[in-house]
Amino acid sequence: PFVIPEYLRGQLEEFEALYDVSNSNNYQRHLNNNNQTCESLYEYFSQILEEHGPMEIDNKLLVGEYEHFPEEAQKIVEDEGGLKSFLLKSLNFIMVDNLIGLRK
């Protein structure tokens, strides 16, 4: 079996510690970016619903706006289960009889 020479073990431990911190920071940064993107999307759809009132989830205005989102934002929405599932995970929205609206 492969054995790391004794004189390199200290450097290996330093590398592994730095690697773990780097990966942890990247993961946390990724989570923070997703949370910021989600909040921005919630705010955006809230503005649309404030202006136009409750609408069907497949309304061309909602779907059309969603289709113009950056690819990263669309991926986040899809990872969360799609537009309907993504919006309903927020406490700001409510769905009744296929109409989505804002909670008051």
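Refer to the structure above for everything that follows.
Predicted, not measured: the structure shown is a model, and the values here were computed from it.

1. Some points on the pairing of strand 2 (residues 93-96)
Bridge count between strand 2 and strand 3 (residues 99-102): four bridges; the pairing is antiparallel. Bridge assignment links Phe93 to a residue of strand 3, and that residue is Leu102. Between the end of strand 2 and the start of strand 3, which pair antiparallel, lie two residues, with Asp97 showing a positive phi angle near 50 degrees.

2. Brief notes about the pairing of strand 3
Relative to strand 3, strand 1 (residues 55-56) runs antiparallel, the two being bridged by two bridges. The partner of Met55 across the bridge, within strand 3, is Ile100.

3. Considerations on the environment of Val77
Tracing the chain through its elements places Val77 in helix 3 (residues 71-79). Considered as a pair, Val77 and Thr37 are 40 residues apart in the sequence and their alpha carbons are 9.5 Å apart. Discounting residues that sit within four places of it in the chain, Val77 has contacts with Leu41, Tyr66, Gly82, Leu83 and Phe86.

Procedures and definitions
Residues numbered from 1 in each chain as written. Predicted model: local features only at pLDDT ≥ 70, side-chain atom pairs only at ≥ 80, totals over all residues. Heavy atoms only, no water. Pairing = 2+ DSSP bridges. Helix = DSSP H or I, 4+ residues; strand = E, 2+ residues; numbered from the N terminus. Contact = heavy atoms within 4.5 Å.

Honestly, it's all geometry; don't read function into it.
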